[in-house]
Amino acid sequence: MSQSSNQKAIWRHRTSRQRLMLWFGWLGLVALFVWCWQLMNRETMWFFVLDAPRQAADIGGRMWPPRWEYLPELLIPLWDTINIATIGTIGGVLMAVPIAFLAARNTTPSTRFLRPVALFIIVTSRSINALIWALLLVAIIGPGILAGMVAIALRSIGFVGKLLYEAIEETDPLQVEAVAATGAGRAQVLNYGIVPQIMPAFWGISVFRWDINIRESTILGLVGAGGIGLKLQGSLNTLAWGQVSVILLLILGTVVVSEWISARMRHAII
């Protein structure tokens, strides 16, 4: 046997070409970082950045002690915020369900037309933040909690629709085929073959979105969409830091409670 055939092949993690491409990739990443740093350094006023800890400590000192006598005035705006999140979530879920069925490959009547339209609606909803939706709606229908509810609903369509249509596509096809084999129509197949499989995911997604919407609803008032954010904006404008601290603590408490409720409900459902 020749000497070359007796030699064992040496295993290498990467080929020479792959190692070269990796080094070029890291070089490009470092160059991008340096360029971004130069751009940030050119646009940043470092005097204010260095002075930020002192300013933060000064504002924190002004926020203490909280002005607790202001708390009763926040109860109605807080209730409005909870209503904005709850009704907005319900509206978003109601609109997202048919869109999700149109977007799922195994339930859409048309993969060439209706499915792309449904996916476009989902992407549009997810691409625009709730605060931007609120800005647009305040300009269209005026300030108030209605604009906040609609903004939350439009924002929720993308979140609920995406997760739900993925859950529909992941359903067990054998169960669907078993229902169809009995001679059931298309609506009956959906009702008895697909819907029971996605109900746990549906409730979990809905409760999770409600929890997210509680947090987003607290800031919609900053653009005039109602809720406790209006009180926060007014207190910030008047430099009433004692009131600001009460509002922030109330928002924190509300988010903690909603997180606990959401976790308990999802645990009970799933």
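How each quantity is defined
- Residues numbered from 1 in each chain as written.
- Predicted model: local features only at pLDDT ≥ 70, side-chain atom pairs only at ≥ 80, totals over all residues.
- Heavy atoms only, no water.
- Axes fitted to C-alpha atoms, helices over the stretch in contact; angles between N-to-C directions.
- Helix = DSSP H or I, 4+ residues; strand = E, 2+ residues; numbered from the N terminus.
- Parallel < 35°, antiparallel > 145°, perpendicular 65-115°, else oblique.
- Left-handed = near helix turned anticlockwise from the far one by under 90°.
- Contact = heavy atoms within 4.5 Å.
- Nonpolar A, V, L, I, M, F, W, Y, C, P; charged D, E, K, R; others polar.
- Buried < 20%, exposed > 50% of the residue type's maximum accessible area, 1.4 Å probe, protein only.
- Arc of directions from axis to C-beta.
- UniProt positions renumbered as here; feature names shortened; annotations may be inferred.
- Salt bridge = Lys/Arg side-chain N within 4 Å of Asp/Glu carboxyl O.

In this section: the packing of helix 6 (residues 130-141) against helix 7 (residues 145-169). Running from N to C, helix 6 and helix 7 cross one another at 135 degrees; their axes reach a closest spacing of 8 Å. As judged from the angle between their axes, helix 6 and helix 7 are oblique. Taken as a pair, helix 6 and helix 7 cross one another with a handedness that is right-handed. From helix 6, Ala130, Trp133, Ala134, Leu137, Val138 and Ile141 reach across to helix 7, where they touch Leu146, Ala147, Val150, Ala151, Ile152, Leu154 and Arg155. Among the residues forming the contact of helix 6 with helix 7, the class breakdown is twelve nonpolar, no polar and one charged.

This paragraph deals with helix 10 (residues 228-237). Helical geometry: 3.6 residues make up each α-helical turn, so side chains three or four residues apart lie on a common side. The set of residues buried in helix 10 consists of Ile228, Gly229, Leu232 and Ser235. One side of helix 10 holds all its buried residues, which, seen down the axis, span an arc of 125 degrees. Where helix 10 is buried, its residues meet helix 4 (75-103) and helix 11 (241-269). With its phi angle positive at about 55 degrees, leucine 239 sits one or two positions after the end of helix 10.

Another point: the UniProt feature "domain: ABC transmembrane type-1" (unreviewed entry) in the chain. The positions that UniProt labels "domain: ABC transmembrane type-1" (unreviewed entry) are, in the present scheme, residues 78-262. In this annotation, residues 78-262 is assigned 81% helix and 0% strand; the end-to-end C-alpha distance for the span is 18 Å.

By the element assignment, leucine 131 lies in helix 6. Exposure remark for leucine 131: the relative accessible area of 26% places this residue in the partly exposed category. Leave out the neighbours within four places in its chain, and leucine 131 touches Ile219, Leu220 and Val223.

Under the feature "transmembrane region" (unreviewed entry), the UniProt entry names residues 20-40, 82-104, 130-154 and 240-261. Span residues 20-40 is 100% helix and 0% strand, its end C-alpha atoms 30 Å apart. End C-alpha atoms of residues 240-261 are separated by 32 Å, and the span's content is 95% helix alongside 0% strand.

As a further point, take the pattern of salt bridges. Scanning the model with the defined rule gives six salt bridges in all. Where arginine 209 meets glutamate 216, a salt bridge forms, and the shortest distance between an N and an O atom there is 3.3 Å. We note a salt bridge from glutamate 259 to arginine 215, for which the minimum N-O separation is 2.3 Å. A residue pair is termed long-range when its members are at least 10 positions apart, and glutamate 259 in helix 11 and arginine 215 in helix 9 (residues 186-217) qualify at 44 residues. By relative accessible area, glutamate 259 is classed as partly exposed at 33%. Take arginine 215: its relative accessible area is 37%, and that puts it in the partly exposed class. When salt bridges with common partners are traced through the structure, they connect Asp211, Arg215 and Glu259 into a single cluster.

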